[in-house]
Amino acid sequence: MIKNKTLYTTTFYNINFTNKYYYSSSKGKKRNEHPIYKNKTKESIVELENQINKHSNTQIEQKEKVEKDFNIYNVLNKENKKNDLFKSMPRLKNKPTINNDNNDNNNYSETSNINQLSPSSTSPILPNFQSQNNSIKKKTQLMRDFIQESLYNKDYGYFQTKEVIIPSDIETPHLSTFANFKEYTNYLHYIYKSLEHAWLTPVEIFKPYYSWSISNYIIEKFKEIQSTTTTTTTTQPNGKLKIYEIGAGSGTNALNILNHIRDNHKEIYDCMEYKIIEISKPLAQKQLTRIKQSHPKLNINITNANILEWNQTQENDECFIILTEVIDNLPHDKITITSNGIFESIVDSTVFETVKGKENIIQKKQISGFHREDSRPLTDPIIKEYLEYEKSIINGSSSSPSSSISIMLNNLINFYKVNIKSFFKGDESKYLPTVCFKLFQIFAHYFPRHHIILADFDELPSLVSGENAPTVQEKIPITTGEIDNPYHIPGSNKRGYQSIEREEILVQPGSCDIFFPHDWKNLHNMYCYTNKDRPNFQSSQVVSLKHKSFIKKYGSNYLDKTKTKSRYNPMISDYSNMSFLLS
């Protein structure tokens, strides 16, 4: 299949794009060497080119019809403003302004919403069109901003419009009730089939033991810190355990950790603080209500905010930051490495919206216009900074990056030309975890004495081309077949839902979950690199463990309780594609 440049994915009025055509700039390739012509006869090549030309003409006619129907002029050549996810977040060499207000209250507080992070960069709309009920906008975004809006836009984003968190009142069977591996996996199959969008995480499947294992690690590390502080300084240690959780979902992990500390370490529990930073306002409110019911006197603070926009009080005490299955949904940038240099991927979109209530037509009429991926020479400072890190790590250098952008870019281009094994095979595409890179910088600056507990995927299957490509997954109702789900959830589709894996990121925004694997060695190095300037930071204290190793070390007391009747233990045998990053 040809590497894509344009992808039409949805329905335009009554026009169905059932056949997806992919286009490539074919940089650095002769015509007869391009994959489309591989193993093709002369006749089949002519026939294929005729089909592409015919489809291209059809697209032009359809576009003209749409523009006529909407009574607008062509504004494609109008200069667009850059839509930057990090507009309010400069490189942290210039330290962000810190708000010194103290918000340590037992309540829910609201700050910014994620959609404020990337305001749409659009072409101007003509006055006679604005007076109608609909509007059409054209915008250009970096790949990370397109993914950001697809997942988090407040009007149509996947996580803003879908029930992706399993309801807390759904009880999962105890693992000891399953006969064997087959019965356990059948249960997961049927429960996933019953859930339209929600998924089951290790926190939910292995509750409360998975969270108790995390709690054991925190308590062990906290006591170690207290002991070290007492013996090496003349001042008394703070003695207060502070935990931050980023994206706490339904609150199950927080609730089980707090229950465990209360029942086993009462002296620590009585004066501890638990703070959640949650981007979803409904989830933040549910978390506070649920946790307060079991822990009414504890110092609980839940802030409805986007951690990527964090500008609250700097936390100068020792603290723990928990992230479980969070960074896989952080947007990535995409670059293409060619014989002509490094290019960044952008997405040109035509978006249809309703003027009333700023509600996006995507959800109401199931049309989203079209999105076209293109590339341009590398200019984005976030991508450049990340590539500086990659180069310094591979070269084994811990010195500061060069201040000369031109020298740095020349070095990067030369580096990739020399080191990429498949360079002469053609253009190479790669997804970069630039947002996670900035997240680690935020942790280093605003939480300079933090200890991280991060669990996520180190490997995922993907149909999307490119190194470190994401899984793009959509769930659709099953409309035919027998009703045979023994774990059917009341209120859901009786036949259930099936997962469809997509081959491209440029799908209808908000329709799919987009989640990335992380090269764990790179993630480990990236965390050490972004935190190297913290006071008393030692990279030797940063540890990476596979899921199984972590559970065996910190959850060994619970392994007898998580076995099936055949002695198969899902808590250590399942999720083999997950790892922990600890500091």
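Residues numbered from 1 in each chain as written. Predicted model: local features only at pLDDT ≥ 70, side-chain atom pairs only at ≥ 80, totals over all residues. Heavy atoms only, no water.

(A) Quick peek at the overall build of the protein. A count of helices and strands for the protein gives 17 helices and 19 strands. Split into buried and exposed, the 583 residues of the protein put 54% on the buried side. For the protein, long-range pairs separated by at least 24 residues make up 80% of all intrachain contacts whose partners lie at least 6 apart in sequence. (Helix = DSSP H or I, 4+ residues; strand = E, 2+ residues; numbered from the N terminus. Buried < 20%, exposed > 50% of the residue type's maximum accessible area, 1.4 Å probe, protein only. Contact = heavy atoms within 4.5 Å.)

(B) Quick peek at unusual backbone geometry. Residue Pro208 is reached from Lys207 by a cis peptide bond, and omega for that bond is 0°. Within the secondary structure layout, Pro208 lies in the loop between helix H6 (202-205) and helix H7 (209-232). With phi around 80°, Arg567 is a residue other than glycine that occupies positive phi space. Locating Arg567 in the fold gives a position in the loop between helix H16 (547-554) and helix H17 (570-573). The phi angle at Tyr575 is positive, at roughly 55°, despite the residue not being glycine. Structurally, Tyr575 is set in the loop between H17 and strand S19 (578-582).

(C) View of the side chain of Lys139. Tracing the chain through its elements places Lys139 in strand S5 (residues 134-142). Polar side-chain contacts of Lys139 include one of 2.7 Å to the side chain of Glu149. (Polar contact = N/O pair within 3.5 Å; in protein donor to acceptor, adjacent residues only side chain to side chain.)

(D) Molecular detail of helix H15 (residues 520-531). Here H15 is 12 residues long and its end C-alpha atoms lie 16 Å apart, about the 16 Å a rise of 1.5 Å per residue gives. Taking burial as the measure, the 12 residues of H15 include 10 buried ones, the bulk of the element. Along H15, the residues that are buried comprise Trp520, Asn522, Leu523, His524, Met526, Tyr527, Cys528, Tyr529, Thr530 and Asn531. Buried positions along H15 lie against helix H12 (381-394), helix H14 (434-446), strand S14 (450-457), strand S18 (543-546) and S19. (Expected span 1.5 Å × (residues − 1).)

(E) The nonpolar core, seen in detail. One finds Leu241 and Tyr274 to be the most contacted residues of the largest nonpolar core, which totals 61 residues. A per-element tally of this core places H7 first, with eight residues. In this view, Leu241 contacts Ile218, Ile219, Phe222, Ile261, Ile268, Met272, Glu273 and Phe320; residues no more than four positions away in its chain are not counted. Core analysis: the next-biggest nonpolar cluster, separate from the first, contains 42 residues, Leu330, Phe437, Leu439 and Ile452 among them. (Core = buried A, V, L, I, M, F, W, Y, C linked by side-chain atoms within 4.5 Å.)

(F) A look at the packing of aromatic side chains. One pass over the structure, following the stated rule, counts 26 aromatic pairs. Here Tyr217 and Phe550 contribute two aromatic rings whose centre-to-centre distance is 6.3 Å and whose plane-to-plane angle is 55°, an arrangement assigned as tilted. Taken together, the residues span a long stretch of sequence, with Tyr217 in helix H7 and Phe550 in helix H16 at a distance of 333 residues. Across the pair, exposure class does not vary: Tyr217 and Phe550 are buried alike. (Phe/Tyr/Trp six-rings, centres within 6.5 Å; stacked < 30°, edge-to-face > 60°.)

(G) Seen up close, the pairing of strand S7 (residues 273-278). Buried residues dominate S7, accounting for six of its six residues. Going residue by residue along S7, you find Glu273, Lys275 and Ile277 tucked away on one face and Tyr274, Ile276 and Glu278 tucked away on the opposite face as well. Of the strand pairs in this sheet, strand S6 (residues 242-246) and S7 are connected by five bridges, and their pairing is parallel. Residue pairing for S7: Tyr244 is matched across the bridge by Lys275. Examined bridge by bridge, S7 and strand S8 (residues 299-304) share six bridges and lie parallel to one another. If you follow Glu273 over to S8, its bridge partner there is Asn299. Regarding the hand of the β-α-β motif, the stretch spanning S7, helix H10 (residues 281-294) and S8 is right-handed. (Pairing = 2+ DSSP bridges. Right-handed = clockwise from strand over helix to strand, strands pointing away.)

(H) Region of interest: the pattern of salt bridges. Under the defined criterion, the tally for this structure stands at 22 salt bridges. A salt bridge links Asp333 to Arg144, with the nearest nitrogen and oxygen atoms 2.7 Å apart. With Asp333 in strand S10 (residues 333-338) and Arg144 in helix H3 (residues 143-152), the pair connects residues that are 189 residues apart, well separated along the chain. In this structure, the salt-bridge partner of Lys430 is Glu390, at a minimum N-O distance of 3.0 Å. Taken together, the residues Lys430 in strand S13 (residues 428-432) and Glu390 in helix H12 connect sequence positions 40 residues apart. Of the two residues examined, Lys430 and Glu390, each falls in the buried class. Salt bridges linked by common partners bring Arg144, Asp333 and Asp380 together as one network. (Salt bridge = Lys/Arg side-chain N within 4 Å of Asp/Glu carboxyl O.)

(I) Representation of the environment of Pro509 in the model. Here Pro509 lies in the loop between strand S16 (497-502) and strand S17 (513-515). By relative accessible area, Pro509 is classed as buried at 4%.

(J) Spotlight on the environment of Phe447. Residue position: Phe447 is located in the loop between H14 and S14. Measuring from C-alpha to C-alpha, the distance between Phe447 and Arg534 comes to 9.4 Å, with 87 residues separating the pair along the chain. Excluding residues that lie within four positions of it along the chain, Phe447 makes contacts with Tyr244, Ile277, Trp310, Glu315, Cys319, Ile321, Ile442 and Arg534.

(K) Representation of the pairing of S6 within the structure. Most of S6 is tucked away, with five of its five residues classed as buried. Covered by surrounding structure in S6 are Lys242, Tyr244 and Ile246 together with Ile243 and Glu245, the residues of both alternating faces.

(L) Highlighting the sheet that holds strand S15 (residues 471-477). The antiparallel open sheet is built from three strands, whose spatial order is S16-S15-S17. Single-partner strands in this sheet number two, and they are S16 and S17. Ignoring strand direction, the axes of neighbouring strands in this sheet form an average angle of 25°. Direction of pairing for S15 relative to S16: antiparallel, over a ladder of six bridges. Bridge pairing links Lys475 to Ser499 in S16. (Axes fitted to C-alpha atoms, helices over the stretch in contact; angles between N-to-C directions.)

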